[in-house]
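These are the residues of each chain, in order.
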Amino acid sequence: MYINENFIKLPQSYLFSTVASKLKEYRAAHPDAELIRMDIGDVTLPIASCVTEAMHRAVDDMSKSDTFHGYGPEQGYPFLREAIAKTDYQERGIDITADDIFISDGAKSDLGNLGNIYSQKSIIGVADPGYPVYVDSSVMDGRGGELLGDGRWSRILYMDCKPENGFKPGVPKQSVDVLFLCSPCNPTGTVFTRDELKEWVDYARRNRSLIIFDSAYEAFVTDPDVPRSIYEIEGAKEVAIEIRSFSKTAGFTGLRCGYTVVPAELKGTDREGNEYPLRQLWNRRQSTKFNGASYIIQRGAEALYTPEGREAIKKNIDTYLSNARYIRQAMEKAGFEVYGGENSPYVWMRLPEENDSWALFERLLSEAQVSSTPGIGFGECGAGFIRLTGFNTPENTRKAMDRISKMNLKRENGAEDDFSSLNDVKAIKAIDELDKLTESLGIK
Ligand code: MLT
């Protein structure tokens, strides 16, 4: 048999696996180092008790013949789909129904799996920097073309995101079949305004493109002017699939549950121009290749829609956002160029020392025992940047920022001082905020 040669075209390891193996090596060589993880967006707060109690009840259901559950619906249980449609959409004035919702085992799987339902010849458009799953899964499916000298793929359209455009891609001049958009953006933390998102929806309608809207971080949006769903924009149901996740909001990174919205209005065409609802294709794909998320996990996710669940999510988000704000303010104070950290758990930071993000990663690791994600891992435009996350504990976040501030790194403003104390008004405000939060949550 012959292998899918697209796999050998790809760099050997996935970004976060490479980071993890470098950290493993570092730990083996420095067993006493107190490493602070600020790399992968993995959460630290435990699962809310209303969720674990619901899962315990679901486990008990499995032990009795009258409440036992075997194969569930591939699309997800109606109890969860209805709770999502009502709370996440209808109560916010968005006309999405339970039929539009497909429960998944997380955003990452669906971002890759959706490639099954559009043509292999589709031209893909991605923001650079962007979540690496968009490009890697497109390459696996044969949509990458050839790897060029600059690390980009010949058949993929890269939309450069730089400080000059606020790290936000503008609509391309040419027609693209499938666009991956992410807001709040992983990794830069930037968000689209309503007007900007409307430009994308209008573009997709003009060009008959599909937008895959990665909305995994929507719950971090606090600014009322920033849309949380692409369906807040008129006409979006005809052009967009929206993907969401319980991972970062409710601590489900290990439990695995999310959902994908495929509205009935969304259609694609065959070569003869006949139209087909994408939902029909996705349903066919899911019922063939997926047996649904587990009953126990879906019962846990359902509990997030109770008043206790909503409260727990709010506390998680407040903690992570407060960490992110602290990182942003501490790093700004220390003289770095910093983006994100508002409406987002991610902070994107330029270290002007050198353009090699992996060298910066190594320096932060060896000199501060802080792990980061090298910006280059998200695309060429990420060179010279690193991404830090607000997902660690408030105490570790503070410690990590203190360590980085004390490093002898070149600063944006030219200063090379030792920034051992953060004593401006903004930084003090962020520390106070963190202290209050830490106390109210009983976190050390
Ligand atoms: C990230 O750190 O970018 C994400 O946690 C990775 C993921 O969700 O797969």
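Read on for an overview of the structure. From a predicted model like this one, the values you see are computed outputs, not experimental measurements.

Residues in close proximity to the ligand include Phe16, Ile40, Gly41, Lys108, Tyr131, Asn186, Tyr217, Lys248, Tyr346 and Arg387, which together make up its full environment. Lysine 248 is positioned with one of its side-chain polar atoms (N or O) 2.5 Å from an oxygen atom of the ligand. Here the shell around the ligand is composed, by residue class, of five nonpolar, two polar and three charged.

For the rest of this paragraph, the subject is the sheet that holds strand 7 (residues 240–245). Strand pairing in a sheet relies on backbone hydrogen bonds, with the paired strands running either antiparallel or parallel. As summarised here, the arrangement of the seven strands in space is 2-8-7-6-5-3-4, forming an open sheet in which the pairing is mixed. A strand with exactly one partner marks an edge of an open sheet, and here the two such strands are strand 2 (101–104) and strand 4 (156–160). On average, adjacent strands in this sheet sit at an angle of 20° to one another, irrespective of strand direction. Relative to strand 8 (residues 258–261), strand 2 is paired through four bridges, and the arrangement is antiparallel. In the strand pairing of strand 8, phenylalanine 102 is matched with threonine 260. Lying over the sheet, helix 9 (residues 278–289) contacts strand 2, strand 6 (210–214), strand 7 and strand 8, oriented at roughly 30° with respect to strand 2.

For serine 138, the location among the structural elements is in helix 6 (residues 133–140). Using a relative accessible area of 1% as the deciding quantity, one classes serine 138 as buried. Engagement of the side chain of serine 138 in a polar contact is seen with the backbone oxygen of tyrosine 134, the distance being 2.6 Å. Leave out the neighbours within four places in its chain, and serine 138 touches Ile124, Val133, Arg143, Gly144, Ile156 and Phe180.

Quick look at a nonpolar patch on the surface now. Nonpolar side chains collect at one region of the surface, where Met1, Ile3 and Ile8 lie side by side and expose about 410 Å² of accessible area between them. Summarising the element assignment, isoleucine 3 is placed in the segment before helix 1 (6–9).

Attention now goes to the environment of glycine 258. The residue glycine 258 is located in strand 8 in this model. Since its relative accessible area comes to 0%, glycine 258 is described here as buried. A C-alpha to C-alpha distance of 27 Å links glycine 258 and methionine 159, two positions 99 residues apart in sequence. If we skip the residues at most four places from it in the chain, glycine 258 touches Phe102, Ile103, Ser104, Asp105, Gly106, Arg244, Ser245 and Phe246.

Summarising the element assignment, arginine 81 is placed in helix 4 (residues 78–89). Aspartate 99 is the oppositely charged side chain nearest to the buried, salt-bridge-free arginine 81, at an N-O distance of 5.0 Å. Residues within four places of arginine 81 in sequence aside, it is in contact with Gln75, Gly76, Ala98, Asp99, Ile101 and Ile103.

Counted under the stated rule, the structure contains 24 aromatic pairs. Between the aromatic rings of tyrosine 131 and tyrosine 134, the centroid separation amounts to 5.7 Å while the plane-to-plane angle is 85°, which identifies the pairing as edge-to-face. Taken together, a centroid distance of 4.7 Å and an interplanar angle of 70° make the contact between phenylalanine 167 and tyrosine 339 edge-to-face. Taken together, the positions of phenylalanine 167 in the loop between strand 4 and strand 5 (178–182) and tyrosine 339 in strand 11 (residues 337–340) put the pair 172 residues apart, joining distant regions of the chain. The structure contains a cluster of three or more aromatic residues connected by ring pairs, namely Tyr14, Phe16, Phe167, Tyr339, Trp348, Phe378 and Phe385. The ring of tryptophan 358 carries the charged tip of lysine 22 above its face, separated from the ring centre by 5.2 Å.

Below, the discussion takes up the state of the cysteines. Summed over the entire model, instances satisfying the criterion amount to zero disulfides. For the unlinked cysteine cysteine 50, the closest cysteine sulfur is that of cysteine 257, found at 14 Å. Free of any disulfide, cysteine 182 has its nearest cysteine sulfur in cysteine 185, 5.1 Å distant.

What follows is about unusual backbone geometry. Each neighbour pair has its own omega, and for aspartate 128 with proline 129 the value is 5°, a cis peptide bond. With respect to the helices and strands, the residue proline 129 is situated in the loop between strand 3 (124–128) and helix 6. In this structure, proline 187 follows asparagine 186 across a cis peptide bond, with omega equal to 20°. With respect to the helices and strands, the residue proline 187 is situated in the loop between strand 5 and helix 7 (194–207). Unlike most non-glycine residues, arginine 208 shows phi in positive territory, near 55°. Position of arginine 208 among the secondary structure elements: in the loop between helix 7 and strand 6. Unusually for a residue other than glycine, arginine 256 sits at a positive phi of about 75°. Secondary-structure assignment places arginine 256 in the loop between helix 8 (247–250) and strand 8.

Procedures and definitions
Residues numbered from 1 in each chain as written. Predicted model: local features only at pLDDT ≥ 70, side-chain atom pairs only at ≥ 80, totals over all residues. Heavy atoms only, no water. Near = heavy atom within 4 Å. Polar contact = N/O pair within 3.5 Å; in protein donor to acceptor, adjacent residues only side chain to side chain. Nonpolar A, V, L, I, M, F, W, Y, C, P; charged D, E, K, R; others polar. Pairing = 2+ DSSP bridges. Helix = DSSP H or I, 4+ residues; strand = E, 2+ residues; numbered from the N terminus. Axes fitted to C-alpha atoms, helices over the stretch in contact; angles between N-to-C directions. Contact = heavy atoms within 4.5 Å. Buried < 20%, exposed > 50% of the residue type's maximum accessible area, 1.4 Å probe, protein only. Patch = residues over 30% accessible without salt bridge, like charges linked within 9 Å, V, L, I, M, F, W, Y side chains within 5 Å. Areas by Shrake-Rupley, 256 points an atom, 1.4 Å probe, with all protein chains shown as cover. Salt bridge = Lys/Arg side-chain N within 4 Å of Asp/Glu carboxyl O. Lys, Arg positive; Asp, Glu negative; His and termini not counted. Phe/Tyr/Trp six-rings, centres within 6.5 Å; stacked < 30°, edge-to-face > 60°. Lys NZ or Arg CZ within 6 Å of the ring centre and 35° of its normal. Disulfide = S-S within 2.5 Å.

So far we have only geometry, and geometry alone does not tell us how the molecule works.
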